[in-house]
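Chain by chain, the residues run as shown.
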Amino acid sequence: MSSADLAVDSGRCLLDLGDTTQAHRLIAEGQALLPVSRDKTRGIFLAYRAQGHLSRREPEAAAADALEALRLAERIGAPRCVQLVRNLAPSFAPYSTAEGVPELLQAVA
């Protein structure tokens, strides 16, 4: 397991525990450490970050990260990442008019 994976996995656990500030820091750290050759992992990290933004009620940032993850995943053929983003879609329902959300919901439909 690389340092990037460890940082993001720790951030993911902290998201589940509700510590979104520390989680976002660790996820960002992991993304910075991730080599360009690991785009599938980058997409997963973006989906995790989108989930964190949603838990902080930041729908615009969440939509931007989720859409970036989805586009990357579709471009490189990463079905797990596509599914992670699709699983987030219902959580965007309360924010249907927030910037980026309609575009994201249309992309996952």
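Here, the structure is the one placed above.
Computed from a predicted structure; not experimentally measured. All residue numbers here refer to positions counted from 1 along the written sequence of the relevant chain. Where totals are concerned, whole chains, interfaces and linings use all residues; where local detail is concerned, this predicted model gives features only for residues with pLDDT of at least 70, and gives and counts side-chain atom pairs only at 80 or more. Values shown for side chains rest on all heavy atoms present in the structure; no hydrogens or waters enter the calculation.

> An account of helix 1 (residues 3-17) is requested, with residue identities and associated values reported.
Put simply, DSSP marks the helices as runs of H or I at least four residues long and the strands as runs of E at least two long, and each gets a number from the N terminus on. The span expected for a helix works out to 1.5 Å for each residue beyond the first. Taking 1.5 Å per residue, 15 residues should reach 21 Å; helix 1 reaches 21 Å between its end C-alpha atoms and fits that length. Relative accessibility decides the category of a residue: with a 1.4 Å probe and only protein chains considered, values under 20% of the type maximum give buried, values over 50% give exposed, and everything between is partly exposed. Those residues of helix 1 not exposed but buried are A4, D5, A7, V8, G11 and L15. Taken end-on, helix 1 shows its buried residues confined to a sector of 165°, consistent with a single buried face. Opposite the buried face of helix 1, by more than 90 degrees, sit the exposed residues S3, D16 and L17. Considering only its buried residues, helix 1 is in contact with helix 2 (20-33) and helix 3 (39-55). Once helix 1 finishes, G18 follows within two positions and takes phi at roughly 90°, a positive value. Picture the helix axis, draw a direction to every C-beta atom, and the arc is the one those directions span. Contact between two residues is taken to exist if any of their heavy atoms lie within 4.5 Å; hydrogens are not considered.

> Got a sec to walk through the pattern of salt bridges? Specific residues and values, please.
Salt bridge criterion: a side-chain nitrogen from Lys or Arg within 4 Å of a carboxyl oxygen from Asp or Glu. As enumerated under the stated definition, the model contains 7 salt bridges in all. In this structure, D5 and R38 form a salt bridge, with 2.8 Å as the shortest nitrogen-oxygen distance. Within this pair, whereas D5 is found in helix 1, its partner R38 is found in the loop between helix 2 and helix 3, the two being separated by 33 residues in sequence. A residue is classified by how much of its surface remains accessible, and D5, at 15% relative accessible area, is buried. Assessed through its relative accessible area of 25%, R38 is described here as partly exposed. For D65, the salt bridge goes to R49, with nearest N and O atoms at 2.7 Å. Here R49 lies in helix 3 and D65 lies in helix 4 (residues 59-76), a separation of 16 residues in the sequence.

> Please give an account of the state of the cysteines that cites residues and values.
Disulfide: a covalent bond connecting the sulfur atoms of a pair of cysteines. In this description, a disulfide is simply a cysteine sulfur pair whose atoms lie within 2.5 Å. Using the criterion set out here, one finds 0 disulfides in the structure. Of all cysteine sulfurs, the one in C81 lies closest to C13, which takes part in no disulfide; the gap is 18 Å. Assessed through its relative accessible area of 47%, C13 is described here as partly exposed.

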